[in-house]
Amino acid sequence: MSADNGKTVKSEESTFLDVRDLTVQYTSMGSVIHAVNGITFQLKKGETLALVGETGAGKTSIAKAILRILPDVSAKSKGTVIFNNTDLMQMKEKEMQKIRGHKISMIFQDPMTALNPTMRVGKQISEVISAHRSISTEEAVAEGKKMLEMVGIPAERYYEFPHQFSGGMKQRVVIAIALACNPELLLADEPTTALDVTIQAQVLELINDLKERLNTSMILITHDLGVVNETCDNVAVIYAGRIIESGSKYDVFKHPGHPYTNGLFGALPNMNLDSDRLSPIAGLLPDPTNLPDGCAFAPRCPYVTDKCRQGTIPAVEVEPGHFCECIRMDEIRKER
Amino acid sequence: MALIEVQHLKKYFDVPNGTLHAVDDVSFVIEKGTTMGVVGESGCGKSTLGTTLIHLQESTGGKILFEGKDVTHLDKKQLHDYREDVQIIFQDPYSSLNPRYNIARTIMEPLEISGRFRSKADVRAEAERIMDLVGIEERLRGSYPHELDGGRRQRVGIGRALALNPKFIVCDEPVSALDVSIQAQVLNLLMDLQDQQQLTYLFVTHDLSVVRHISDNICVMYLGQLVETCSSKELFAKPLHPYTKALLSAIPSTDVDRKMQRVQLKGEITSPINPKPGCRFAARCPYATDACREPQQLREIEPKHFVQCCRIEELG
C-alpha cells in the first residue's frame, strides 16, 4: 500500500462505486436547502476515501443518499450511484433492502443513539445476519458472538443491554453490526468523533485491520484531518455541498491547492510547531438556502476576484489525479 | 505570584453503589496571567475540578487559596464577592445561554446584579464595551441565542464571563463544540484577552493540540488523580508518566511523512466508584507491578516536573 512515497497505486483495479452528479435538497418551512450540489466521485475495490468538511457541508447527506436512507418527506436526491454495475437510485425499495446492511453498510456517528436501548446488544448484531442470510437462530447467535469477539468484546456480554456498555464499546458494537455481513462498501460517518483519543486509536486500529482482512472499501466521513491521515488513501474536501478539492492523501496534505483546504490546515493547532496565533478562516459557511453564484467559498476567500462570482467553477487538474475547483489556482500557486 | 493554589483537593459524590472519587487529592499552583491546561479522558474529573474551584459545588476535602486567602469555605456574602473574581465559560454554547434573553440582556444581567453601576445607561455602555471587546457585531445585539451560530454564541459566553472583570476564568471545553475554522477564532480571542487583561485561565479540554497551543502549564488527570504536571513545552517534549505517553501517541497526526509510533492502551477507563488504593492507571498500564497497587505520591522528578508513578526511575 505504501508504494512510492505514500501514494497509492491501485489504478488497475476496476471502479466499483461510481457516483455522478449527486444532488440532495431538503425542503424546510417553504425554503429549499441545497445540501449536496452535484458531486461526482469514484471508488475502487479496497480503497478508502475520506470526505472532509465542516458541519453542514453536506458530508452525511452524501452517505445517506448513497444508501437511500434520506427522509422521504423532506428530502429529494438526484443523480446516479452505480454500485457493481447497477444504479442504486433506480432500484426498487425491496431490492435496496437486500443491499443495505449486506453489500453496503453504515457506521453511524453517535453510538449512544444508534443502538436500540431495549434490545440486547448481541441480538442487534444477529438481527442483521438473520435478515440477509437464511440461517437458523442458533447459528445467527453464534455468528453474533463471533462478531463481538472480533471487535474485542467478550462473547458473554452478548446478552447485555447498551446502557451496560461504555461509549467506546457501544461504538464497537455499531461497527460489529455494520460488518456483520462482510459488506463490500462501508460508509463510516464520524465513527470516532464521540470517543476519547485512546479509545479512538483502538477503534481506528480495528477498522484498519478489518478493512485489510476483508478488503472492504470505505468512505470515511470526518472533520478531523489527523484521522484522515491515519486511515485513508484519497481525500475529497467538501464545501457547501461540492467537492472543491480531491486527490490522493499525499498530494492534498502536501500541496493543498484550494484556498479553503489551505485555510483548514492553517486553522488547526499544530502539534509539531510552536505557533503563537492560529489563522482562522474568516466568516461562515454560506446559507444553503441561498448559495452565491460562482464559487461558494468566494465570500470568505482572500484571493477572490469578480470572475469567481460568476457561473460554475470548473475543476482544474493541478497534478495528475489532484483536482481543484478554483479558477485562480495557477496565479495563487505562483503567489505563495 | 500564585493566583490560585490548590492543596489536596478532593471532591467525592455519593452514588447508589458507593462513593465516586471525581477529584482525589489534587494539588497545583496557577501563576497570575498564565493558563493551566487540564487534560484527560471523559470521566477523569477535569470538569469537576473546574467547577469545584469556583464553588459551583463544595469540595469534600483539601484547601483552595485565592490570592493567598483561604476560600475553601465561604458564607453567602463572601461567595458573592468571590464570584466577581472567578467566572466560567461553559462547554456548550447552545445550552448555557438563556434562550429567552437577547444577547445584550445576557451581558447586562451580571452588570446589573453587581450593583457597580448607578444608571441603566452606564450598564448599557459597559455592555456595549464588552460586546465590542469580544467581537459581537452591533446588528446582532438584539438577537436571541438560537439566531446565532456556535462561534458567535461562544463569544457571548465569553463576554458574559468577562463582564465583571474577573481575575480567574475556568474555560470548560470552550471550543470542543465548534468547527476548526471557528475554533481558531475563539482560541485567538481568548489569548488576546489574556494579554490585554492579565487573565488567568484554567483550561479544561480533551483536545491535546488545543491544550498545547493555549497552555503554559498542563495537568494530566486520570480517574480523579493528577498523574503528571509540568510546563506545556516539557510535557510534549518529554512526557514521563506511561499514561501521558500513551495519550500523546494516540493523537492522529496530520503529517503524512511521519509514521506514528503508537503506545496502544488495552482496555478502557475503569470506574471511579470505590476505587482501590494505588495507581488508578495500573489496570491498563503495560508496566504495572504489585508496588503500583500501594498508595502513590506525586513527586518532583525533574525541576517543576511532577509525576505520580512509583516506577518512573526504573522506566527511565
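Everything quoted here is computed from the prediction, not taken from an experiment.

Draft legend 1. Here's a closer look at the nonpolar core. If you look at the biggest cluster of nonpolar residues, it comprises 56 residues, and the most contacted ones within it are Ile 125, Val 173, Ile 175 and Tyr 260 of chain A. With 7 residues, helix α6 (residues 167–179) of chain A is the largest single contributor of residues to this core. In contact with Tyr 260 of chain A, other than residues within four places in its own chain, are Gly 53, Glu 54, Val 237, Ile 238, Tyr 239, Ile 244, Ile 281 and Phe 297 of chain A. If you look at the next biggest cluster of nonpolar residues, it comprises 40 residues, including Ala 127, Ile 136, Ala 184 and Val 210 of chain B.

Draft legend 2. The arrangement of the environment of Thr 118 of chain A in detail. All names here are of chain A. Residue position: Thr 118 is located in the loop between α3 (111–114) and α4 (121–132). Look at Thr 118 and you get exposed, because its relative accessible area is 65%. For the pair Thr 118 and Ile 135, spaced 17 residues apart in the sequence, the C-alpha separation amounts to 24 Å. A polar atom in the side chain of Thr 118 sits 2.9 Å from the side chain of Asn 116.

Draft legend 3. Spotlight on empty space enclosed by the protein. Residue and element names in this part refer to chain B. Applying the stated criterion to the full structure yields 7 cavities of 30 Å³ or more. Roughly 90 Å³ of internal volume is contained in the largest cavity. Here the second largest cavity is characterised by a volume of approximately 70 Å³. The wall of the second largest cavity is formed by His 241, Pro 242, Cys 279, Phe 281, Ala 282, Cys 285, Tyr 287, Ala 288, Cys 292, Cys 309, Arg 311 and Leu 315. Across the lining of the second largest cavity, the residue classes break down as 10 nonpolar, 1 polar and 1 charged.

Draft legend 4. Looking closely at the interface of chain A and chain B. Tallying the contact residues gives 42 residues for chain A and 40 residues for chain B. One can count 2 salt bridges joining chain A with chain B. In this structure, the salt-bridge partner of Arg 277 of chain A is Asp 192 of chain B, at a minimum N-O distance of 2.7 Å. The set of elements that each furnish at least two residues to the side of chain A that touches chain B consists of α6, α7 (197–214), α8 (225–231), α9 (249–254) and α10 (259–267) of chain A.

Draft legend 5. Main features of the sheet that holds strand β6 (residues 86–89) of chain B. All names here are of chain B. On the basis of which strands lie adjacent, the open sheet formed by 8 strands has the order β6-β7-β8-β3-β9-β10-β12-β11 and mixed pairing. Only two strands of the sheet have a single neighbouring strand rather than two, namely β6 and β11 (299–302). Strand-to-strand, the axes of this sheet are offset by a mean angle of 20°, without reference to chain direction. Bridge analysis of β6 against strand β7 (residues 168–172) gives 4 bridges, and the strand direction is parallel. Pairing of Gln 87 across the sheet is with Ile 169, part of β7. Across the sheet, helix α2 (residues 76–85) is in contact with β6 and β7; its angle to β6 comes to roughly 55°.

Calculation rules
Residues numbered from 1 in each chain as written. Chains lettered and ligands numbered in written order. Predicted model: local features only at pLDDT ≥ 70, side-chain atom pairs only at ≥ 80, totals over all residues. Heavy atoms only, no water. Core = buried A, V, L, I, M, F, W, Y, C linked by side-chain atoms within 4.5 Å. Buried < 20%, exposed > 50% of the residue type's maximum accessible area, 1.4 Å probe, protein only. Helix = DSSP H or I, 4+ residues; strand = E, 2+ residues; numbered from the N terminus. Contact = heavy atoms within 4.5 Å. Polar contact = N/O pair within 3.5 Å; in protein donor to acceptor, adjacent residues only side chain to side chain. 1 Å grid on protein atoms, 1.4 Å probe; cavity = no way out; pocket = protein on both sides within 12 Å on 5 of 7 lines; lining within 4 Å. Points joined across faces, edges and corners; volume = space filled by probe spheres on them. Nonpolar A, V, L, I, M, F, W, Y, C, P; charged D, E, K, R; others polar. Salt bridge = Lys/Arg side-chain N within 4 Å of Asp/Glu carboxyl O. Pairing = 2+ DSSP bridges. Axes fitted to C-alpha atoms, helices over the stretch in contact; angles between N-to-C directions.

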